[in-house]
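# Topology and contacts: notes
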Amino acid sequence: MKYSYRKGLFWLLVYLVLALIPIFIAVAGTKPEYRGFALEAGAALGFIGLGILGLQFLFSGRIQQIAASFGMDNILQYHREMGILAFLFILAHPVIIIMADSDFLRYFDPGENLPRALALIFVSIALILLTASSIWRLKFGLSYENWRLVHGVLSLGILFVGVSHSWQVAHYLDPLWKRIILVGIFAFYGYLVFHTRLVRPWLSSKRPWKVTRVKPERDDCWTLDLEPVGHKGMDYKCGQFVWITLGPSPFSLQQHPFSFSSACDQPMISLTAKALGDFTSSWKNIKPGTKAFLEGPFGSFTPLAGKNLYMVMGGIGITPGMSMLRTMQKQKDPRKAILVYANPKWEEVTFREELEEIQQDIDLKVIHLLEEPPEGWEGEEGLVNTELLERNLPDNPEDFAFYICGPKPMQDAAELSLRDLGIDWRLIYSERFQII
Amino acid sequence: MKKPIKKHKKLFYKTIRRMGDLVGLLLLFAAVLFAFRGFG
């Protein structure tokens with residue numbers, strides 16, 4: 001998958017048109033009387049805010065076709081930015097309208113219309129909670145599973161109240177056909193949540209997997225080997241990832257994304273993770289035979305055909321790289337691969353021995369970079385920076401595509417360093433895990 | 001890896017944020033345009 005300006009512009013236009021759908025519906029057909037700039041601006045912000053909110057369900061990273069175009073991490077970060085934008089637009093809607101005409105305060109008056117007042121108070125609080133819990137999830141002490149539940153419930157609630165409010169006010173949505181179109185579109189957005197949370201798990205229940213082995217790796221990392229039960233497995237590309245649910249049922253809030261670490265041309269798959277959170281820390285206790293349900297594959301962090309590979313990876317960020325290298329080894333891929341592999345200590349270098357073996361079989365050069373090297377270390381030491389990458393850049397960088405995966409500071413440094421070294425941004429692929 | 005390199009700014013977040021800002025400005029412009037012309 002190759003990035004391009006044209007593709008970016010196309011998606012930008014698509015997004016703008018979709019976000020403006022409620023406005024288009026409002027201005028279509030019969031139009032109400034003009035009520036002055038401020039009131040109309042306030043109304044427009046409400047419609048656009050609703051439009052962005054609806055699109056949040058489409059650009060949530062869980063629609064494979066959309067996520068594949070730009071990568072899950074980019075989509076999720078964009079989702080975050082747009083969420084803040086929707087929050088500002090929707091909150092500006094009542095503020096501007098009430099400032100223009102204080103009579104509209106009655107919408108919040110329980111004495112005049114109790115259900116309406118309760119719904120609008122709910123949506124105001126829910127919107128603040130939704131945004132704050134997403135930006136400061138960890139500060140709130142919310143587990144990923146609880147956050148996911150809260151996020152789904154609040155966003156559906158806000159969408160429902162927003163559409164009901166538009167229907168009930170109906171100032172711009174008269175005659176009825178306008179309201180029916182609006183409800184139809186937003187019912188589709190709402191359905192996407194049910195599809196992700198209920199339909200997809202149901203579909204994955206028909207294609208279960210089984211843990212066959214739990215293997216300890218260096219640096220408190222664990223590899224789960226999984227085999228398909230009663231089906232042929234999953235067709236995925238190396239560098240991609242899946243959402244996994246472990247246990248007897250796929251209907252669980254505990255669903256997490258992990259990159260494949262296995263070669264991508266076999267029915268058996270492997271996922272490797274470092275024991276960092278509650279979920280990954282439990283991997284060492286998983287018994288072979290445990291049921292698993294996979295959703296995917298997702299991701300656009302896949303090797304570009306015809307290009308050599310230059311990988312900058314840190315710690316457990318090596319997993320998609322291992323998938324690429326194991327596939328190259330298995331397929332006797334003649335392309336060159338350079339791996340700059342950053343780790344704190346030599347003992348913590350996951351897959352260290354296997355990388356040595358792979359070097360025997362393919363044209364792979366591994367540059368170990370250690371933060372705390374052992375005595376007598378003659379290799380690279382310190383952190384990823386421009387000088388290090390320049391030193392290890394091939395003579396023909398234009399024949400390479402660049403893949404970055406690792407801790408945030410390393411990703412930031414590597415992305416900017418490669419750009420500073422004149423690498424075309426369209427050939428730099430990065431995958432970030434710590435997004436949610 | 002634990003210590004970020006100060007001279008590097010966060011390119012990834014900055015790029016997406018700029019994209020978000022651009023979309024926000026264009027949508028705000030649309031809102032103003034509609035408010036000027038009115039729905040009537």
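Fair warning: this is a prediction, and the values are worked out from it, not measured in the lab.

Moving on, we get to the overall build of chain A. When helices and strands are counted, chain A shows 13 helices and 12 strands. Every one of the 436 residues in chain A was classed for burial, and the buried ones make up 38%. Restricting the contact set of chain A to residue pairs at least 6 apart, pairs at least 24 apart contribute 73%.

Here the focus is the overall build of chain B. The secondary structure content of chain B amounts to one helix and zero strands. For chain B, buried positions account for 18% of its 40 residues.

We now examine the interface of chain B and chain A. Across the boundary between the two partners, chain B contributes 27 residues, which contact 43 residues of chain A. When the residues that make up the side of chain B that touches chain A are grouped by side-chain class, the tally is 18 nonpolar, five polar and four charged.

Residues and elements named next belong to chain A. Extensive coverage of strand E8 (residues 337-343) is indicated by the burial of six of its seven residues. Alignment of E8 against strand E9 (residues 364-370), held across seven bridges, turns out to be parallel. Across the sheet, Tyr341 pairs through a bridge with His368, a residue of E9. Viewed along the sheet, the connection from E8 through helix H11 (residues 352-361) into E9 turns out right-handed.

On average, residues of chain A score 91 in pLDDT, and 96% of them reach the 70 mark or higher. The secondary structure element of chain A with the lowest average pLDDT is helix H4 (residues 64-70) of chain A, at 66, and the one with the highest is E8(A), at 97.

Once that is clear, we can look at unusual backbone geometry. Residues and elements named next belong to chain A. In this model, Asp174 is joined to Pro175 through a cis peptide bond whose omega is 10°. Looking at the secondary structure, you find Pro175 in the loop between helix H7 (144-169) and helix H8 (176-205). Of note, the bond from Gly296 into Pro297 is cis; its omega dihedral lies within 30 degrees of zero at 0°. On the secondary structure map, Pro297 appears in strand E6 (residues 291-298). The phi angle at Ala170 is positive, at roughly 55°, despite the residue not being glycine. By the element assignment, Ala170 lies in the loop between H7 and H8. For Ala170, a count of 14 C-beta atoms within 10 Å translates into the label partly exposed.

All names here are of chain B. Across chain B, pLDDT averages 72, with 60% of residues at or above 70. With pLDDT under 50 throughout, residues 1-9 is counted as low confidence; its partners more than four residues away or in other chains account for 21 contacts. The complex prediction reports pTM at 0.80, with the ipTM value standing at 0.77.

Attention now goes to the environment of Gly36(A). All names here are of chain A. Within the secondary structure, Gly36 sits in the loop between helix H2 (21-27) and helix H3 (37-58). Classification of Gly36 by C-beta neighbours within 10 Å gives exposed; the count is 11. Between the C-alpha atom of Gly36 and that of Ala100, which follows or precedes it by 64 residues, the distance is 9.0 Å.

A word on H8(A). Three- or four-residue spacings in an α-helix give side chains the same orientation, since the helix completes a turn every 3.6 residues. Residue and element names in this part refer to chain A. Between its first and last C-alpha, H8 extends 41 Å over 30 residues, near the 44 Å set by a 1.5 Å rise per residue. Its axis deflected by about 45° at His195, H8 carries its strongest bend there. What H8 keeps buried is the set Lys178, Leu182, Phe186 and Ser204. Of the surrounding elements, those touching the buried residues of H8 are H2, H3, H7 and E6.

We now examine the pairing of strand E11 (residues 400-405) of chain A. Residue and element names in this part refer to chain A. Of all six residues that make up E11, six are buried, and the element is covered over most of its length. Burial along E11 is two-sided: Phe400, Phe402 and Ile404 facing one way and Ala401, Tyr403 and Cys405 facing the other are all buried. With six bridges joining them, strand E7 (residues 308-314) and E11 adopt parallel strand pairing. For Met313, the partnering residue across the bridge sits in E11 and is Cys405. Two elements, E11 and strand E12 (residues 428-431), share four bridges in a ladder whose sense is parallel. Paired with Ile404 across the bridge in E12 is Ser430.

Take the sheet that holds E7(A) next. In space, the six strands of this open sheet follow the order E10-E9-E8-E7-E11-E12 (chain A), with parallel pairing throughout. Sheet topology places strand E10 (380-381) and E12 of chain A at the edges, where each strand pairs with a single neighbour.

Our focus in this paragraph is the sheet that holds strand E2 (residues 221-228) of chain A. Residue and element names in this part refer to chain A. Pairing is antiparallel across the open sheet formed by six strands, whose spatial order is E4-E3-E6-E1-E2-E5. Of all strands in the sheet, those with a lone pairing partner are strand E4 (256-259) and strand E5 (269-274), marking the two edges. Within this sheet the neighbouring strands show an average axis-to-axis angle of 40°, counted without direction. One ladder, built from five bridges, connects strand E3 (residues 241-246) with E6; its direction is antiparallel. Each residue of the ladder has a partner; that of Leu246, found in E6, is Ala292.

Residues and elements named next belong to chain A. Splitting chain A by domain gives domain 1 (5-199), domain 2 (209-298) and domain 3 (308-431). The C-alpha centroid of domain 3 is placed 24 Å from the C-alpha centroid of domain 2. Contact with domain 2, which involves 16 residues of that partner, is made by 16 residues of domain 3. The leading source of residues in the side of domain 2 that touches domain 3 is E5, at three residues. Taken together, the residues of the side of domain 2 that touches domain 3 sort by class into six nonpolar, five polar and five charged.

Conventions used here
- Residues numbered from 1 in each chain as written.
- Chains lettered and ligands numbered in written order.
- Predicted model: local features only at pLDDT ≥ 70, side-chain atom pairs only at ≥ 80, totals over all residues.
- Helix = DSSP H or I, 4+ residues; strand = E, 2+ residues; numbered from the N terminus.
- Buried ≥ 20, exposed ≤ 12 C-beta atoms within 10 Å, placed from the backbone.
- Contact = placed C-beta atoms within 7 Å.
- Nonpolar A, V, L, I, M, F, W, Y, C, P; charged D, E, K, R; others polar.
- Pairing = 2+ DSSP bridges.
- Right-handed = clockwise from strand over helix to strand, strands pointing away.
- pLDDT = per-residue confidence, 0-100.
- Expected span 1.5 Å × (residues − 1).
- Bend = angle between axes of the 7 residues up to and from the residue.
- Axes fitted to C-alpha atoms, helices over the stretch in contact; angles between N-to-C directions.
- Domains from an automatic or database assignment.

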